[in-house]
Amino acid sequence: MDTQIDSHIKVPAQGEKISMSGGKLQVPDHPIIPFVEGDGTGADIWRASVRVLDAAVEKAYGGRRKVEWMEVYAGDKANEVYGEAVWLPPATVEAFKEYLIGIKGPLTTPVGGGIRSINVALRQELDLYACLRPVQYFEGVPSPVKNPENVDMVIFRENTEDIYAGIEYMAGTPEAAKMRDFLVSEMGVRKIRFPDTSSFGVKPVSQEGTERLVRAAIQYAIDNGRKSVTLVHKGNIMKFTEGGFRDWGYDLAKREFGGVEIDGGPWLQLPGGIVIKDVIADAFLQQILLRPKEYDVIATLNLNGDYISDALAAQVGGIGIAPGANINYVSGTAVFEATHGTAPKYAGKDVINPSSVILSGEMMLRYLGWTEAADLILSSLSKTIGQKTVTYDFARLMDGATEVKTSVFADNLIGNM
Ligand SMILES: NC(=O)C1=CN([C@@H]2O[C@H](COP(=O)(O)OP(=O)(O)OC[C@H]3O[C@@H](n4cnc5c(N)ncnc54)[C@H](OP(=O)(O)O)[C@@H]3O)[C@@H](O)[C@H]2O)C=CC1
Ligand SMILES: O=C(O)CCC(=O)C(=O)O
Ligand SMILES: [Mg+2]
């Protein structure tokens, strides 16, 4: 057993590590893949999802390939296994680092006080700088818009900085007073409306962080034959953070990808024809409803990306079908996870839609190069939705649908492979 992985984690006897060599993933036929079940509905969803992922691999490769799952702990389950107040054991972080690729369910983050997000902490500790969230429509899924099929976007959300760095000071504390004094006395700031009762937050946005995210988005657009990359920002108001993101993004596209200005700029065209453009975030949110066809790959900052992910997911049927991945394209490390949270009111009821985690698993299989298994998941999902046997979230919006439980939905997916 590896020294860094502690006694709570049972490393499968069969199976090998995925590694990175010469910039390429080396994937054995029996890779060990760590997973976190997740809080709230996480257990219901994982139980269903793992069966679907295993069935797709079995069907595609007839036993030649198989994922060896290794449970690691975070959130409520880490408290049970490791003892109270252990939310993200070092061994869990180490396991994701060592085994390179993993998958996780959602974890609870309290509002206001309490612990900071374990989800965000994991992304930061593993330096998973790109949060990749594809938004595509599956025929038959109920949607609130007239032409959901016009939505086909891939979000690249910066995942390690912005206000998610968690640098905040609560009003009334000595830290907030120190911050206020620094801003007022040393920086000459005169615009804090209520200085004595203000909380303060810091929004770090760097050139390096922006460049690696925008680089990943442009490379993705090139590799996948996409038409445009749009930098979404609020740079008119936050000139040096969000405005910096826009300017650094354009500069990178010129410098590294040969972008040339269209009609005097700032929009650019790459030699292959891909257009690099930008839009202010509020205008973007109305345009994705009115003219979604104009947007393709999206590169944006952390908070914008969080809002945009849920908004776009709603257009194609909701966060029950919104997958994602957190990736470091340099080290290869990746943790796949749904866009949604723990949906606690449905916990233990076996009713929630597992599609977001299943599709996150589909992304993971594709990332491993196991495309046949990934394709099987997509085709069986389309077929199952076409049969109108769906979980509550779709059933309540679909005429003539049969509502099924999470576990039955998984059975049907497997049956349709
Ligand atoms: N990456 C992560 O781990 C994330 C964690 N969180 C955390 O999750 C907790 C709950 O957050 P909350 O804001 O309620 O957001 P959630 O995403 O958990 O749930 C909000 C609503 O979205 C719908 N929904 C969510 N998941 C599904 C699903 N799989 N299938 C169908 N519908 C779904 C439900 O809508 P309806 O009520 O209409 O049925 C649900 O009530 C918080 O602690 C938050 O911090 C949030 C986001 C991401
Ligand atoms: O960490 C959390 O609790 C929320 C994260 C989130 O909303 C997201 O990543 O989309
Ligand atoms: Mg979110």
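Parameters and conventions
- Residues numbered from 1 in each chain as written.
- Chains lettered and ligands numbered in written order.
- Predicted model: local features only at pLDDT ≥ 70, side-chain atom pairs only at ≥ 80, totals over all residues.
- Helix = DSSP H or I, 4+ residues; strand = E, 2+ residues; numbered from the N terminus.
- Rg over C-alpha atoms; globule rule 2.2 N^0.38 Å.
- Buried ≥ 20, exposed ≤ 12 C-beta atoms within 10 Å, placed from the backbone.
- Contact = placed C-beta atoms within 7 Å.
- Domains from an automatic or database assignment.
- UniProt positions renumbered as here; feature names shortened; annotations may be inferred.
- Pairing = 2+ DSSP bridges.
- Axes fitted to C-alpha atoms, helices over the stretch in contact; angles between N-to-C directions.
- Right-handed = clockwise from strand over helix to strand, strands pointing away.
- Parallel < 35°, antiparallel > 145°, perpendicular 65-115°, else oblique.
- Nonpolar A, V, L, I, M, F, W, Y, C, P; charged D, E, K, R; others polar.
- Near = placed C-beta within 6 Å.
- Expected span 1.5 Å × (residues − 1).
- Core = buried A, V, L, I, M, F, W, Y, C linked by C-beta atoms within 7 Å.
- Arc of directions from axis to C-beta.

1. Focus on the overall build of the protein chain
Link 1 in the chain: Per the secondary structure count, the protein chain includes 13 helices and 18 strands.
Link 2 in the chain: Relative to a compact globule of 417 residues, whose C-alpha radius of gyration would be 22 Å, the protein chain shows 22 Å and is just as compact.
Link 3 in the chain: If one aligns the C-alpha atoms of the protein chain with their principal axes, the spans along those axes are about 65 × 55 × 50 Å.
Link 4 in the chain: With 417 residues in all, the protein chain has 44% of them scored as buried.
Link 5 in the chain: For the protein chain, long-range pairs separated by at least 24 residues make up 72% of all intrachain contacts whose partners lie at least 6 apart in sequence.

2. Section: the domain arrangement of the protein chain
Link 1 in the chain: Parsing the protein chain into structural domains produces domain 1 (1-129 + 325-416), domain 2 (143-162 + 209-316) and domain 3 (168-201).
Link 2 in the chain: Spacing between the C-alpha centres of domain 2 and domain 3 amounts to 33 Å.

3. Considerations on the UniProt feature "modified residue: N6-succinyllysine" (unreviewed entry) in the protein chain
Link 1 in the chain: As recorded in UniProt, the feature "modified residue: N6-succinyllysine" (unreviewed entry) lies at Lys104.
Link 2 in the chain: Its location among the elements puts Lys104 in strand β5 (residues 101-104).
Link 3 in the chain: For Lys104, the contacting residues outside a window of four places in its chain are Phe35, Val36, Gly38, Val335 and Glu337.

4. Let's talk about the sheet that holds strand β4 (residues 68-71)
Link 1 in the chain: The sheet built from twelve strands is open, its strands ordered β4-β3-β5-β16-β15-β6-β7-β14-β10-β13-β12-β11 with mixed pairing. Taken across any chain shown, the strands that pair with only one partner, and hence form the sheet edges, are β4 and β11 (260-261).
Link 2 in the chain: Sitting on the sheet, helix α7 (residues 242-257) touches β10 (228-233), β12 (268-269), β13 (275-280) and β14 (297-300), and the angle it makes with β10 is about 160 degrees.

5. Things to note about the pairing of strand β3 (residues 32-36)
Link 1 in the chain: The buried fraction of β3 amounts to five of the five residues, a majority that puts the element mostly inside the structure.
Link 2 in the chain: A two-sided burial pattern is seen for β3, the buried positions comprising Ile32, Pro34 and Val36 on one face and Ile33 and Phe35 on the other.
Link 3 in the chain: Bridge count between β3 and β4: four bridges; the pairing is parallel. When the sheet's bridge partners are listed, Phe35 is paired in β4 with Glu71.
Link 4 in the chain: Read from β3 through helix α1 (residues 42-61) to β4, the crossover connection turns out right-handed.
Link 5 in the chain: Sheet topology places β3 next to β5; two bridges connect them, and they run parallel. Looking at the pairing, Phe35 lines up with Ile103 of β5.

6. A few points about the packing of α1 against helix α13 (residues 406-415)
The relative placement of two packed helices is expressed as an angle between their axes plus a distance between the axes.
Link 1 in the chain: Remark: α1 packs on α13, axes separated minimally by 9 Å, with the N-to-C direction vectors making an angle of 5 degrees. Classified by the angle their axes make, α1 and α13 are roughly parallel. Within the contact between the two elements, α1 uses Asp44, Ile45, Ala48, Arg51, Val52 and Ala55 and α13 uses Thr406, Ser407, Phe409, Ala410, Leu413 and Ile414.
Link 2 in the chain: Along the lines of polarity and charge, the residues of the contact of α1 with α13 split into eight nonpolar, two polar and two charged.

7. Brief notes about the UniProt feature "domain: Isopropylmalate dehydrogenase-like" (unreviewed entry) in the protein chain
Link 1 in the chain: Following the UniProt record, the feature "domain: Isopropylmalate dehydrogenase-like" (unreviewed entry) maps to residues 32-413 here.
Link 2 in the chain: Structurally, residues 32-413 comprises 41% helix and 16% strand, and the distance from its first C-alpha atom to its last is 24 Å.

8. Some details on the site of ligand 1
Link 1 in the chain: Among the 17 residues in the neighbourhood of ligand 1, the closest are listed as Pro106, Gly320, His340, Gly341 and Asn353.
Link 2 in the chain: The residue makeup of the shell around ligand 1, split by class, is five nonpolar, ten polar and two charged.

9. A short note on helix α11 (residues 371-386)
Within an α-helix, residues lying three or four positions from one another point in the same direction, as the helix has 3.6 residues per turn.
Link 1 in the chain: Its 16 residues give α11 an end-to-end C-alpha distance of 22 Å, which sits within 8% of 22 Å, the value for a rise of 1.5 Å per residue.
Link 2 in the chain: Where α11 is buried, its residues contact α1, α10 (355-368), β17 (389-390) and α13.
Link 3 in the chain: After α11 finishes, the residue Lys388 shows a positive phi value of roughly 60 degrees.

10. Re the site of ligand 2
Link 1 in the chain: The immediate surroundings of ligand 2 are formed by Thr109, Ser117, Asn119, Val120, Asp306, Ser309 and Thr339.
Link 2 in the chain: When contributions to the shell around ligand 2 are tallied by element, the ones reaching two or more residues are α4 (118-125) and α9 (302-315).
Link 3 in the chain: Its residues assigned to classes, the shell around ligand 2 comprises one nonpolar, five polar and one charged.

11. Observations concerning the environment of Tyr99
Link 1 in the chain: When you line up the elements, Tyr99 lands in helix α3 (residues 90-99).
Link 2 in the chain: Judged by the 24 C-beta atoms lying within 10 Å of it, Tyr99 falls in the buried class.
Link 3 in the chain: Along the backbone, Tyr99 and Ile32 are 67 residues apart, and their C-alpha atoms lie at a distance of 6.9 Å.
Link 4 in the chain: When residues no more than four places from it in sequence are discounted, the contact partners of Tyr99 are Lys17, Ile18, Ile32, Ile33 and Pro34.

12. With respect to the nonpolar core
Link 1 in the chain: By size, the foremost hydrophobic cluster in this structure holds 107 residues, and its most contacted members are Val52, Phe156, Ala217, Ile298 and Ala299.
Link 2 in the chain: Examining the composition of this core, we find that nine residues originate from one element, α1, more than from any other.

13. Some thoughts on α13
Link 1 in the chain: When we look at burial in α13, the residues that qualify are Thr406, Phe409, Ala410, Asn412 and Leu413. Buried residues of α13, viewed axially, fall in a sector of 160 degrees; they line one side.
Link 2 in the chain: Buried residues in α13 make contact with α1, α11 and β17.

14. Looking at the environment of Asn159
Link 1 in the chain: With respect to the helices and strands, the residue Asn159 is situated in the loop between β7 (152-158) and β8 (168-169).
Link 2 in the chain: Of the residues examined, Asn159 has 26 C-beta atoms within 10 Å and is grouped as buried.
Link 3 in the chain: Discounting residues that sit within four places of it in the chain, Asn159 has contacts with Arg123, Leu128, Tyr129, Ala130, Cys131, Asn302 and Asn326.

15. Let's talk about unusual backbone geometry
Link 1 in the chain: Between Gly265 and Pro266 the backbone carries a cis peptide bond, its omega angle lying at 5 degrees.
Link 2 in the chain: Structurally, Pro266 can be placed in the loop between β11 and β12.
Link 3 in the chain: Notably, Ala85 is not glycine yet its phi reads approximately 70 degrees, a positive angle.
Link 4 in the chain: Mapped onto the fold, Ala85 is located in the loop between α2 (76-82) and α3.

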